[in-house]
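A closer look at the structure
Chain by chain, the residues run as shown.
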Amino acid sequence: MEATAPDRRFAEEYRIAREIPRDGLTAWRAAVAAEVPLAPGAVVLDVGAGTGAFSAAFADWFGVRVLAVEPAAAMRALIPRTADIEVLDGRAEALPVPDGCADAAWLGSVVHHIDDLPAAAREIRRALKPGAPVLIRNSFPGRCTRDLRVRFFPGTARIVDGYPTVEQTCAAFGAAGFTRVALHAVPQESAPSLSGFADRIRRDTDAKLRALTDEEFACGMRRLRRAAEQEPDRPAVSWMDLLVLA
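Note that the structure is a prediction, hence the values are computed from the model and not measured.

Observations concerning the side chain of Ser190
Along the polypeptide, Ser190 turns up in strand β6 (residues 180-191). Setting aside its immediate chain neighbours within four residues, Ser190 contacts Ile20, Pro21, Phe197, Arg200 and Ala236.

Listed below in structure tokens is the structure:
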């Protein structure tokens, strides 16, 4: 199904607001490399690939082949088409890939969007080679205080409180045969300055910000702009968790 014009506009705004610049992901490259020995010839399954920022990063960082699975046509249209990235229409609960085809699965900020997490875990288990890991980059309840949005828009913490917890995620994947290997908080630089971060915010593209009241959002923007004036050279560094299961 072809994307509508509003969907295409949303996807473009999402890419502007939500994609982390590649040079802001240095710590993520190191964190992934420390958990799984990816090398040219390996296959990474990117579940809920969005506009493909991490699909492209994995291909460039490690020389791997990426299967980028994304249900939204407008998002898929923005995923880079290269010899190393195959873009597929699909959902976490119904992956359009063969059994045992991947050396690792990546879920970047997607766990809380999955309707049936146990079904997704079973599908990912089917798609992975025996012993292959699942790498989950996400915000988890009780662990999001260093998220920039939570710092400047405190009401977003109550949205994260509705996400699956680390324990719930591990239980869903545990039923599919996975066990918890590691849990790390990893930094990422969203912009070189807080001012640049503020300029990139698009409320409509962010479920956390959309859920705020207008007053909460306005107060958060004032708080962020004030901090940007007080610390003009401070980079916009946020933290998210990397949960590893195998």
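Comments concerning the pairing of strand β2 (residues 65-69)
For β2, the buried fraction is high: four of the five residues fall into the buried class. Bridging between strand β1 (residues 43-47) and β2 involves five bridges; their strand directions are parallel. Residue pairing in the sheet places Asp46 in a bridge with Ala68 of β2. The β-α-β motif built from β1, the intervening helix α3 (residues 53-62) and the parallel element β2 has right-handed crossover chirality. Of the strand pairs in this sheet, β2 and strand β3 (residues 85-88) are connected by four bridges, and their pairing is parallel. Residue pairing for β3: Leu67 is matched across the bridge by Glu86.

Structural notes on the UniProt feature "domain: Methyltransferase type" (unreviewed entry) in the protein chain
UniProt's entry tags residues 45-134 with the feature "domain: Methyltransferase type" (unreviewed entry), counted in the numbering of this structure. Across residues 45-134 one finds 28% helix and 20% strand; the C-alpha atoms that close the span lie 9 Å apart.

A closer look at the pairing of β1
For β1, the buried fraction is high: five of the five residues fall into the buried class. The pairing of β1 with strand β4 (residues 104-108) spans three bridges and is parallel. By the bridge assignment, Asp46 is partnered in β4 with Trp106.

Some points on the sheet that holds β4
Spatial ordering of the open sheet is given by β3-β2-β1-β4-β5-β7-β6, a layout of seven strands whose pairing is mixed. Each edge of the open sheet carries a strand with a single partner, namely β3 and β6. Taken pair by pair, the neighbouring strands of this sheet meet at an average axis angle of 20°, ignoring direction. Lying over the sheet, helix α8 (residues 166-174) contacts β4, β5 (134-138), β6 and β7 (236-245), oriented at roughly 35° with respect to β7.

Some details on the nonpolar core
Residues Leu45, Leu107, Ile124, Val134, Ile136 and Phe173 are the most contacted members of the largest nonpolar core, which totals 34 residues. Elements supplying a minimum of two residues to this core: β1, β2, β4, α5 (117-127), β5, α8 and β7. Residue contributions to this core peak at five residues, all from α5. Setting aside chain neighbours within four positions, we find Ile136 in contact with Leu107, Val111, Thr169, Phe173, Asp241, Leu242, Leu243 and Leu245. With 30 residues, the next largest nonpolar core counts Leu25, Leu38, Ala59 and Trp106 among its residues.

Structural notes on the environment of Asp115
Examined against the element boundaries, Asp115 turns out to sit in the loop between β4 and α5. Spatially, the C-alpha atoms of Asp115 and Val166 are 17 Å apart, while their sequence positions differ by 51 residues.

Here's the deal with the packing of aromatic side chains
Evaluation of the coordinates by the stated rule reveals nine aromatic pairs. Consider the rings of Trp28 and Trp106, whose centres lie 6.0 Å apart with planes at 85°: the pair is edge-to-face. With Trp28 in helix α2 (residues 26-35) and Trp106 in strand β4, the pair connects residues that are 78 residues apart, well separated along the chain. For Trp28, a relative accessible area of 0% translates into the label buried. For Trp106, a relative accessible area of 1% puts it in the buried group. Judged by centre distance (6.0 Å) and plane angle (80°), the ring pair of Trp61 and Phe62 falls under edge-to-face. Grouping residues by exposure puts Trp61 and Phe62 together as buried. Counting every residue linked through ring pairs, the aromatic cluster contains Trp28, Phe54, Phe58, Trp61, Phe62 and Trp106. Over the aromatic face of Trp28 sits the side chain of Arg137, whose NZ or CZ is 5.4 Å from the ring centroid. Geometry around Trp239 places Arg146 over its ring, the cationic atom sitting 3.8 Å from the centre.

Some remarks on unusual backbone geometry
Excluding glycine, residues mostly have negative phi values, and the peptide bonds linking residues are mostly trans. In the Ramachandran plot, Ser109 falls in the positive-phi region, its phi being about 55° despite a non-glycine side chain. If you trace the backbone, Ser109 turns up in the loop between β4 and α5.

The rules we used
- Residues numbered from 1 in each chain as written.
- Predicted model: local features only at pLDDT ≥ 70, side-chain atom pairs only at ≥ 80, totals over all residues.
- Heavy atoms only, no water.
- Helix = DSSP H or I, 4+ residues; strand = E, 2+ residues; numbered from the N terminus.
- Contact = heavy atoms within 4.5 Å.
- Buried < 20%, exposed > 50% of the residue type's maximum accessible area, 1.4 Å probe, protein only.
- Pairing = 2+ DSSP bridges.
- Right-handed = clockwise from strand over helix to strand, strands pointing away.
- UniProt positions renumbered as here; feature names shortened; annotations may be inferred.
- Axes fitted to C-alpha atoms, helices over the stretch in contact; angles between N-to-C directions.
- Core = buried A, V, L, I, M, F, W, Y, C linked by side-chain atoms within 4.5 Å.
- Phe/Tyr/Trp six-rings, centres within 6.5 Å; stacked < 30°, edge-to-face > 60°.
- Lys NZ or Arg CZ within 6 Å of the ring centre and 35° of its normal.

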